[in-house]
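Here are the chains, one letter per residue:
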Amino acid sequence: MLPFAIGSFESIGPLSRATSPHRHSFYEIALVAAGRGTHVVDLERIPLTPPQLYVIAPGQVHHWEAEDVAGWVLIFNEDFLLTHPQDGAALRALADRRRLQLCRDRQDGFEALLAAMDEEYQRAEPGFVGALSCYLHILLLHAQRLPGAHTPGGTPADWAVELTARFTRLIAQPGARGGSVGALARELGVSAGHLHEAVRQSTGRTPGRLVRAQQTLEAKRLLLGSDLTIRQIAERIGFGDPSYFSRFFRRESGMSPGAFRRAARAVHE
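What you are looking at is a predicted structure, and each value in this text was computed from that prediction instead of being measured.

Draft legend 1. Up close: the overall build of the protein. Per the secondary structure count, the protein includes 11 helices and seven strands. Projecting the C-alpha coordinates of the protein onto the three principal axes gives extents of approximately 55 × 45 × 30 Å. Burial analysis of the protein (269 residues in total) assigns 43% to the buried set. When the accessible surface of the protein is split by element, carbon and sulfur atoms take 52% of a total near 12,900 Å². One finds the centroid of the 30 positive side-chain charges in the protein at a distance of 7 Å from the centroid of its 28 negative side-chain charges.

Below, the structure written as structure tokens:
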């Protein structure tokens, strides 16, 4: 139930420094405190000049061509943003910057924050999930204050990335998730085939898969953070039939809406 992990590059192991290009289905934040070589993100080769902060979003392709990399790695998925949904946009914006350079004082501050998160995670005392969520929110606020955080980095976005960004913003809007992919494509002024090609190229997933993921995420937020009935939640995210919604939610998350609500609230409390 806890879609979150934290540790050093060493404790997480070789996968944290994978040398083969790969995509994640989760977010990764890496603070590189030492090392030499190159980090490759979406074909852009970034020389390691520690200390640096990297944010990798779901769908981005990256790998390491580096030695003696040391620092912190933080991984989590959209479910961990349920209490701070606005952090998703901040993460995607930071991921567009490829990397952020840190001065020594900033590095010390981030490492102290990550160490506190690691201690909270290891102790797992009552309320630790809420504490970790707050720590992550604070970390992102500090990251957004770094020099260069609001200056586009890397290569200019191509047509596929731009169209995918517009599509993800559209399906995050209330009411848009109930529309078909064809209707959403028309709203964006492109054909369904063109949209499918762009989204597949930039994320490795289909538009329909992204719509279902967004519907599931919104349902989880409402189950956790509201007292709406299952019928009301189904209507909110575009399902007219609550029974169909329950089957959809079970297929996407592995449990019924009611079971998720009980388990998620138990974890957060």
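Draft legend 2. Spatial organisation of the nonpolar core. Ranked by size, the top nonpolar core spans 31 residues in total, and within it I29, L53, L74, F76, M117, L136 and L139 carry the most contacts. Elements that contribute at least two residues to this core include exactly β1 (4-8), β3 (27-41), β5 (52-56), β6 (61-76), α2 (87-96), α3 (104-123) and α4 (128-144). Residue contributions to this core peak at seven residues, all from α4. For M117, the residues in contact, after removing those within four places along its chain, are F4, I6, L74, L132, Y135, L136 and L139. Within the second largest apolar cluster, 16 residues are counted, among which are A219, L224, L228 and I237.

Draft legend 3. How the structure looks around the environment of H84. Here H84 lies in the loop between β6 and α2. For H84, a relative accessible area of 16% gives the class buried. For the pair H84 and A66, spaced 18 residues apart in the sequence, the C-alpha separation amounts to 34 Å. Look past the residues within four positions of H84 in its chain and what remains in contact with it is S133, C134 and H137.

Draft legend 4. Inspection of unusual backbone geometry at higher detail. Of the consecutive residues P50 and P51, the connecting peptide bond is found in the cis state with omega at 0 degrees. In this structure, P51 sits in the loop between β4 (44-47) and β5. Although it is not a glycine, D68 sits at a positive phi angle of roughly 55 degrees. As for its placement among the helices and strands, D68 is situated in strand β6.

Draft legend 5. Structural detail: the pairing of β5. Counting buried positions along β5 gives five out of five residues, so the element sits mostly inside the fold. In this sheet, β5 lies alongside β3 in antiparallel orientation, the contact comprising five bridges. Bridging from a neighbouring strand, L31 pairs with L53 of β5. Pairing of β5 with strand β7 (residues 100-101) involves two bridges; the strand directions are antiparallel. Looking at β7, one finds that L53 is bridged to L100.

Draft legend 6. Representation of helix α8 (residues 207-225). Between its first and last C-alpha, α8 extends 27 Å over 19 residues, near the 27 Å set by a 1.5 Å rise per residue. For α8, a buried count of 15 out of 19 residues is recorded, marking the element as mostly surrounded by other parts of the structure.

Draft legend 7. Quick peek at the packing of aromatic side chains. Across all of its chains, the model carries 11 aromatic pairs by this definition. Ring geometry for F239 and F248: centres 4.9 Å apart, planes at 40 degrees, overall tilted. For the pair F239 and F248, one class covers both residues: buried. On the numbers, 6.0 Å between centres and 50 degrees between planes, the contact of F245 with F249 is tilted. With F245 and F249 both in helix α10 (residues 242-253), this residue pair falls four residues apart, about one helical turn.

Parameters and conventions
- Residues numbered from 1 in each chain as written.
- Predicted model: local features only at pLDDT ≥ 70, side-chain atom pairs only at ≥ 80, totals over all residues.
- Heavy atoms only, no water.
- Helix = DSSP H or I, 4+ residues; strand = E, 2+ residues; numbered from the N terminus.
- Buried < 20%, exposed > 50% of the residue type's maximum accessible area, 1.4 Å probe, protein only.
- Areas by Shrake-Rupley, 256 points an atom, 1.4 Å probe, with all protein chains shown as cover.
- Lys, Arg positive; Asp, Glu negative; His and termini not counted.
- Charge placed at Lys NZ, Arg CZ, Asp CG, Glu CD.
- Core = buried A, V, L, I, M, F, W, Y, C linked by side-chain atoms within 4.5 Å.
- Contact = heavy atoms within 4.5 Å.
- Pairing = 2+ DSSP bridges.
- Expected span 1.5 Å × (residues − 1).
- Phe/Tyr/Trp six-rings, centres within 6.5 Å; stacked < 30°, edge-to-face > 60°.

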